[in-house]
Every structure is written in structure tokens, then in C-alpha cells.
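# Per-entry structural report
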Amino acid sequence: MKSEPSAYSIEDLQKEKITIWDGVRNYQARNILREMKKGDLAFFYHSNCKPPAIVGLMEVVETNIVDPTQFDRTSDYFDVKSTPEKPRWHTVKVKFKERFAQPLPLETLKQKFNPDDFLVVKKGNRLSVMPVKNTIAQEIFNLTRTF
DNA sequence: GCCAACGTTGGC
DNA sequence: GCCAACGTTGGC
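Computed from a predicted structure; not experimentally measured.

## Let's talk about the protein's contact with DNA strand B
The local shell around DNA strand B consists of Lys2, Tyr45, Ser47, Asn48, Pro52, Leu106, Lys110 and Arg126. At 2.8 Å, a backbone N or O of Asn48 approaches a phosphate oxygen of DNA strand B. In this structure, Arg126 approaches DNA strand B through a side-chain N or O atom, which is 2.3 Å from a base oxygen.

Rendered as C-alpha cells:
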């Protein structure tokens, strides 16, 4: 799950402990959020920064949450076409698990993984939420340990 | 349903 | 700041 650290960082989550992952306004990403199960683990990825990197780990603690920002006129994520009866945007609540002592930069991920196996390293992929294969996740854990 | 124009993301 | 690669919008 990506976030620009200037907007919301792993440090913010570490302080806050739990947050609603709001503001996702892309249908494909939303669909992935909708499929998430309680107890699922998720990597926190810092995007649009130097260097872009996987910086930590989170756990999904609540699913199928109606993103409240879609009804908030003062929010950047306000959606005029969304109604409480028919909300367009759902998301999850995540809990801080771990902040990696050594973040895994995108450059390293590109060296280690094939774009066909891991969407993060695929050129042009702008999805802010994407699935990670179990085998890839395991290798990422190994990398954070050996770094 | 097509597609041009426009907006956004995000690495570099 | 640039720009490739998307996604979305809206006229037709």
C-alpha cells in the first residue's frame, strides 16, 4: 500500500497506531481493498520521495469501511457522486506492526524481482494498492533481515 | 462504444 | 521540473 510520506508516512502510522486508509480514488485499487481480509498483512510503501521504498509492515484490522472523506466537502477526496446510501469508496483500517530498520528501496526491489511477479517494479504501474504474492512477501522479509 | 483531450501518478 | 504511462471525461 503506497503513500506519499509528505501526506502520510510510516512515522505517522507508528504514532497513530491505527488508521483508516482513506483517499484511494481508483477503482482497481478499491477492488483490491474490498477483497482484503482481517488479519492480512500489508507492506507500507513510500512513494514520490527519495528514495521510494518499502518502509514497514501493517496489519488489516477492519475491512469494508466506507471511506468517510468521500462525503467531506472540505476534503481533497470529496466525491460529489457518492452518497451515504450508495458509497463508491470502501477501504480498510490498518494497524502499525513494524518499521523496517533498513527500508527496502525500489532500486533493490528491481534488482531482486521480476516485473511479472511483482507489480511494484513494473514500469508504468501507478496502482496505490496492489497484491503481493506469498513467495515475494517471504523474500522481502528475508531481505529486511539480511540487510 | 470510440477516442481525443485532459488530469494524475510517480520515477527520474 | 520533465515526462511516460496510465485513468477519466465527455462529445459524438
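## Let's talk about the UniProt feature "domain: EVE" (unreviewed entry) in chain A
Taken from the UniProt record, the annotation "domain: EVE" (unreviewed entry) applies to residues 1-142. Taken end to end, residues 1-142 has its terminal C-alpha atoms 19 Å apart, with 22% of it in helix and 29% in strand.

## Comments concerning the packing of aromatic side chains
Applying the stated criterion to the full structure yields 5 aromatic pairs. When the ring of Phe43 is compared with that of Phe141, the centres are 5.5 Å apart and the planes differ by 50°; the resulting orientation is tilted. With Phe43 in strand β3 (residues 41-46) and Phe141 in helix α4 (residues 134-146), this residue pair connects regions lying 98 residues apart in the sequence. Relative to Phe118, the ring of Phe113 lies with its centre 5.4 Å away and its plane at 70°, an arrangement referred to as edge-to-face.

## A few points about the pattern of salt bridges
Enumeration over the complete set of coordinates arrives at 7 salt bridges. Two residues, Glu59 and Lys95, come together in a salt bridge whose shortest N-O distance is 3.9 Å. One end of the pair, Glu59, is in strand β4 (residues 53-66); the other, Lys95, is in strand β5 (residues 90-105), with 36 residues separating them in the sequence. Residue Glu59 is classed as buried on the basis of its relative accessible area, which comes to 19%. A relative accessible area of 31% means that Lys95 is categorised as partly exposed. Close ionic contact of Asp79 with Arg88 constitutes a salt bridge, the shortest N to O distance being 2.8 Å. Note on Asp79: relative accessible area 10%, which makes it buried. According to the relative accessible area criterion, Arg88 is partly exposed, its value standing at 25%. Through salt bridges with shared partners, one network takes in Glu59, Lys95 and Lys97.

## Let's talk about the protein's contact with DNA strand C
By nearness alone, every residue bordering DNA strand C is listed as Asn26, Tyr27, Gln28, Lys123, Gly124 and Arg126. At the protein interface, 71% of the atoms of DNA strand C within 4 Å belong to sugar or phosphate. At a separation of 3.3 Å, a phosphate oxygen of DNA strand C approaches a polar backbone atom of Gly124. Residue composition of the surface near DNA strand C, grouped by class: 1 nonpolar, 3 polar and 2 charged.

## Observations regarding the nonpolar core
Grouped together as the largest cluster of nonpolar side chains are 38 residues, with contacts concentrated most on Met1, Ile54 and Phe118. Dropping the residues within four chain positions of it, Met1 is found in contact with Trp21, Leu33, Met36, Ala42, Phe43, Phe44, Tyr45, Met58, Val92, Val94, Ser128 and Val129.

Cut-offs applied
Residues numbered from 1 in each chain as written. Chains lettered and ligands numbered in written order. Predicted model: local features only at pLDDT ≥ 70, side-chain atom pairs only at ≥ 80, totals over all residues. Heavy atoms only, no water. Near = heavy atom within 4 Å. Polar contact = N/O pair within 3.5 Å; in protein donor to acceptor, adjacent residues only side chain to side chain. UniProt positions renumbered as here; feature names shortened; annotations may be inferred. Helix = DSSP H or I, 4+ residues; strand = E, 2+ residues; numbered from the N terminus. Phe/Tyr/Trp six-rings, centres within 6.5 Å; stacked < 30°, edge-to-face > 60°. Salt bridge = Lys/Arg side-chain N within 4 Å of Asp/Glu carboxyl O. Buried < 20%, exposed > 50% of the residue type's maximum accessible area, 1.4 Å probe, protein only. Nonpolar A, V, L, I, M, F, W, Y, C, P; charged D, E, K, R; others polar. Core = buried A, V, L, I, M, F, W, Y, C linked by side-chain atoms within 4.5 Å. Contact = heavy atoms within 4.5 Å.

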